[in-house]
Amino acid sequence: MLRAKILGLGSYVPDRVVTNEELAFLDEKHVRQPERQSETTDAWVRKRTGIEERRYVANDGETATSDLALHAARRALDDAGVTAEEIDCIILGTLSPDIHFPGTAIFLQRKLGIAREDGCACYDIRQQCSAFLYGMQMADAFIRSGIHKRVLLVGAELHSHSLDYTSRGRDVTALFGDGAGAMVLGPEETDDPRAGVLYTKVGADGTGAWDLHLKVFDVRKMPHFLRDEETHDPKNVYPQMDGKRVFLNAVRAMCMTTKAALEQLGLTWADVDWFVPHQANLRINEAVVQYAEIPPEKALNSIQVYGNTTAATLPLTIDHHRKKGTVKRGDLILSSVFGAGFTYGAAVYRFG
Ligand code: UT7
């Protein structure tokens, strides 16, 4: 039986560490000012989210999401022992694309040096915090059907340039960080039903579409980009979120999808090494661990040091714990995700 195997993993975060304490002093270009710019505190952010710090790119106008993706992709390719030329499909998830179009996967292809007349397939997916699992489902299907042989799956996010650093935006701004993670997947002929990607299930509930969104432009309007007076309306240019509704729906969906994954495969937590959930709020993950009856020692988080990096959280968290020696090749991982849309999903996969 042909299965999709995870051949390599890599991640990247920029060097600049922004603590909760520093966040309160950042202006709209995230430059530290002597005076407090926002009424937010380290104590509030730690207690309500578990976040202690996050990473930001340099604000020199030079770095794009595809650059973060490039670093992570190169590391995943090295880890897999696969060259960029061998990749026949790139799937990239982001809610912070380089520009409106073409997609960021195209820019990544160029930066990897593999853009050419008969270049590989490139997909951008816009499923926010659920993008990595949506992409894993696509990669798995492509590989098992023989459509593609070497898939580069990337989640990359550059949030720090589109956050509201005033008190008005403090609920959202406290959550997000910049970063990227990537996996290389390829075919493996095996009879082992627990090899590679075992299970993926994703879904969406559009009733939550406006509960977490960022507008920036409105295609119904002519011109579709925002006029001067509209660009000054923070509701149009910064992410808008009903935090409580997102929180409650996240806990419910992640519990449901986690339990369904185990049930579908006939597995228990004794069979699974790690629970690696999306990293939106440590309190969400702790509630899921409690209500879905997950052994707490199997739950891995990284939100404390990276914040929410949206499409990148899963590979970033796994790589973070691999570097610490916690996650090893051969481990079986269950992931569940929830994000804007609402979108959600779960997957069970063997790492390496
Ligand atoms: O990846 C998916 C995307 N997002 C999520 O999953 C986020 C889900 N939601 C959440 O994580 C939480 O709802 C938040 C962390 C965003 C907010 O936590 P909360 O416990 O739901 O707080 P709240 O919105 O009820 O706000 C309580 C108070 C408010 O002040 P008042 O109105 O009581 O005076 C907020 O304005 O806390 C205030 N507040 C803050 N205070 C200091 C909100 N953000 C901050 C902040 N610093 N950063």
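Sequence positions are assigned chain by chain, starting from 1 and proceeding in written order. Totals for whole chains, interfaces and linings use every residue, but because this is a predicted model, local features are given only for residues with pLDDT of at least 70 and side-chain atom pairs only at 80 or more, for both listing and counting. The basis for every side-chain value is the complete set of heavy atoms in the structure, and neither hydrogens nor water enter the calculation.

*Asks:* Help me understand the site of the ligand in this model?
*Replies:* In the vicinity of the ligand there are 22 residues, among which Thr40, Arg48, Cys129, Lys244 and Asn281 approach most closely. Polar contact is the term for a pair of N or O atoms within 3.5 Å; when the atoms are in protein, one must be able to donate a hydrogen and the other to accept it, and sequence-neighboring residues count only if both atoms are side-chain atoms. The contact in question runs from an oxygen atom of the ligand to an N or O atom on the side chain of Arg170, over 2.9 Å. One of the backbone N or O atoms of Gly243 is found 3.0 Å from a nitrogen atom in the ligand. Across the complex, the protein chains shield 75% of the 940 Å² of accessible surface that the ligand would expose by itself. Taking a 2 Å distance to the grid points as the criterion, the majority of the atoms of the ligand fall inside the second largest pocket. Strands here are runs of E lasting at least two residues and helices are runs of H or I lasting at least four, both read from the DSSP assignment and numbered beginning at the N terminus. Of all the secondary-structure elements, those providing two or more residues to the shell around the ligand are α2 (42–49), α6 (170–173), α9 (243–265) and α10 (282–291). With four residues, the single largest contributor to the shell around the ligand is α9. Here a residue counts as near a molecule or strand whenever at least one of its heavy atoms sits within 4 Å of it. For every accessible area listed, the method is Shrake-Rupley and the probe measures 1.4 Å; residues are considered covered only by the protein chains on display. In this analysis a 1.4 Å probe is tested at points of a 1 Å grid over the protein atoms alone, and where it fits but cannot get out there is a cavity; an open set with protein on both sides within 12 Å along at least five of seven lines is a pocket; lining residues have an atom within 4 Å of a point. Assignment to a cavity or pocket requires that more than half of a molecule's atoms be within 2 Å of the site's grid points.

*Asks:* Would you mind showing me how to read the domain arrangement of the chain here?
*Replies:* Interface size, as often reported, equals the accessible area lost upon joining of the parts. By the assigned domains, the chain splits into domain 1 (2–189) and domain 2 (197–350). An automatic or database domain assignment supplies the start and end points of every domain. The gap between the C-alpha centroids of domain 1 and domain 2 is 14 Å. Contacts between domain 1 and domain 2 engage 55 residues on the former and 48 residues on the latter. The buried area of a pairing is the accessible area, by a 1.4 Å probe, that goes missing from both parts when the two are put together, added over both. It is Leu9, Cys129 and Leu133 that lose the most area in domain 1 upon contact with domain 2, and together they represent 16% of the buried surface on that side. We count a salt bridge whenever a side-chain nitrogen from Lys or Arg sits within 4 Å of a carboxyl oxygen from Asp or Glu. Where domain 1 packs against domain 2, one counts two salt bridges. Where domain 1 meets domain 2, there are 22 residue pairs in polar contact (both at pLDDT 80 or more). Looking at the side of domain 1 that touches domain 2, the elements with two or more residues in it are β1 (2–12), α2, β3 (53–56), α5 (131–144), β6 (151–157), α6 and β7 (179–189). Per element, the largest residue contribution to the side of domain 1 that touches domain 2 is nine residues, and it comes from β1. Residue classes follow a fixed rule: Ala, Val, Leu, Ile, Met, Phe, Trp, Tyr, Cys and Pro count as nonpolar, while Asp, Glu, Lys and Arg count as charged, and any other residue, Gly among them, counts as polar. Its residues assigned to classes, the side of domain 1 that touches domain 2 shows 23 nonpolar, 18 polar and 14 charged. Between two residues, a contact is recorded if the distance between any of their heavy atoms is within 4.5 Å.

*Asks:* It is not clear to me how helix α12 (residues 313–323) should be interpreted in this structure. Could you clarify?
*Replies:* Residues lying three or four places apart along an α-helix face the same way, a consequence of the helix completing one turn every 3.6 residues. Throughout this description, buried means an accessible area under 20% of the type-specific maximum (1.4 Å probe, protein chains only), exposed means over 50%, and partly exposed covers the range between. Burial analysis of α12 places nine of its 11 residues in the buried class, which makes it a mostly covered element. Those residues of α12 not exposed but buried are Thr313, Leu314, Pro315, Leu316, Thr317, Ile318, Asp319, His320 and His321. Looking one or two places after α12, you find Gly325, whose phi comes out positive at around 90 degrees.

*Asks:* It is not clear to me how the sheet that holds strand β11 (residues 274–275) should be interpreted in this structure. Could you clarify?
*Replies:* Hydrogen bonds along the backbone pair up the strands of a sheet, which may run parallel or antiparallel. For two strands to be treated as a pair, DSSP must find at least two bridges joining them. The mixed open sheet is built from four strands, whose spatial order is β8-β13-β12-β11. Two strands bound the open sheet, and with one partner strand each, they are β8 (197–204) and β11. As judged from the two bridges shared by β11 and strand β12 (residues 332–339), these two strands associate in the parallel manner. Residue pairing for β12: Phe275 is matched across the bridge by Leu334. Axis definition: a line fitted to C-alpha atoms, over the contacting stretch in the case of helices. Angles run 0 to 180 degrees between N-to-C directions. On the sheet, α9 packs against β8, β11, β12 and β13 (343–350) and is oriented at approximately 150 degrees with respect to β12.

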